Amino acid sequence: MKAYVFPGQGAQFVGMGKDLYDNNEEARALFEKANEILGFSITDLMFNGTEDDLKQTKVTQPAIFLHSVLLAKSLGDEFRPDMVAGHSLGEFSALVAAGALSFEDGLRLVSKRAHAMQKACEARPSTMAAVIALPDETVEQICAETEGVVAPANYNCPGQLVISGEVEAIDAACEKLKAAGAKRALKLKVGGAFHSPLMMPAQEELAEAIAEAEFKTPVCPVYQNVDGKPHTDPEEIKANLIKQLTAPVHWTQDVLAMVADGATEFVELGPGSVLQGLVKKISKEAVTSGMQ
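Residues numbered from 1 in each chain as written. Predicted model: local features only at pLDDT ≥ 70, side-chain atom pairs only at ≥ 80, totals over all residues. Heavy atoms only, no water.

Novice: Which residues make up the sheet that holds strand β5 (residues 160-166), and what are the values?
Specialist: Spatially, β4-β5-β3-β6 is the arrangement adopted by the four strands of the open sheet, whose pairing is antiparallel. Here the strands that pair on one side only, and so sit at the sheet edges, are β4 (150-157) and β6 (184-187). Across the sheet, the mean angle from the axis of one strand to that of its neighbour is 25°, orientation sign disregarded. Bridging between strand β3 (residues 126-132) and β6 involves four bridges; their strand directions are antiparallel. Residue A129 lies in a different strand from β6, and its bridge partner there is K187. Against the sheet, helix α8 (residues 136-145) contacts β3, β4 and β5, and its axis sits at roughly 165° relative to β4. (Pairing = 2+ DSSP bridges. Helix = DSSP H or I, 4+ residues; strand = E, 2+ residues; numbered from the N terminus. Axes fitted to C-alpha atoms, helices over the stretch in contact; angles between N-to-C directions. Contact = heavy atoms within 4.5 Å.)

Next up, the structure:
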């Protein structure tokens, strides 16, 4: 069985999507429609911008979403997923690719999410850190014992967990994690504490927009980040999508569940190849490939 997976923030690169724009008429039309919906030329920033341009959350998220969704559309009838999943932002790409959301609604929600997250990041100094080579339980315990807001954010693969929270709390937790034997506890170059309680204002803002969007039953199960389980019910999908902003991304659990349900082949659609690497670390038997 074939699973399609969609990357999240951090996979962007200058020039992403240009081949699609140049060589695929449908993709070009949708890129132009995206420029109209967003109210600025995202294609110009994607194809000709600087790395700093692309690092802005309000640009990064719609850019990765566009690239991923249009790759899926470019496959035409070949795109026959048995299951889909996306990492964080990638969950929106997965939902559009699987027909649960229209392209237009998906893009509007992603843009709303990006702006709301940017606002929440600016409201309080916050960051994230990658913790390498410690059991999840140890990381969870140290986060719970550390003063201030700090929480597990991304369960990426066994031995790789990203934490998220206030700058001082992250610094304190990193020292404790190193003392506990972490190979690395390294702060990431991100604008804020994604997937933590600090994203609550953004979650409230996004919840309103999600409530107004039309969700349909997807063509295949969507394995969602909040619980690592397959979903096809539109109301469940919406509720999980709202929770996703403040809850951790259970990527390890997503992949294990897809493998348990019969997935043998994972195809990553979008910039980079991060998810292919993570899938391999979670399931050595899985066959991985990608398009970007």
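The rest of the description comes next.
Novice: Describe in detail the pairing of strand β1 (residues 2-6), supporting the description with residues and values.
Specialist: Along a regular strand, successive side chains alternate from one face of the sheet to the other. Among the five residues in β1, four count as buried, and that is most of the element. Two elements, β1 and strand β9 (residues 265-269), share four bridges in a ladder whose sense is parallel. Paired with A3 across the bridge in β9 is F266. Note that β1 and strand β2 (residues 83-86) share four bridges and pair parallel. Within β2, the residue paired with Y4 across the bridge is V84. (Buried < 20%, exposed > 50% of the residue type's maximum accessible area, 1.4 Å probe, protein only.)

Novice: Provide a residue-level description of the side chain of T246, including the pertinent values.
Specialist: Structurally, T246 is set in the loop between α11 (234-243) and α12 (251-260). For T246, a relative accessible area of 19% translates into the label buried. Separated by 2.5 Å, the side chains of T246 and Q203 make a polar contact. Each residue touching T246, except ones within four places of it in the same chain, is listed here: H195, S196, P197, M199, M200 and Q203. (Polar contact = N/O pair within 3.5 Å; in protein donor to acceptor, adjacent residues only side chain to side chain.)

What is shown is where atoms sit, not what they do.
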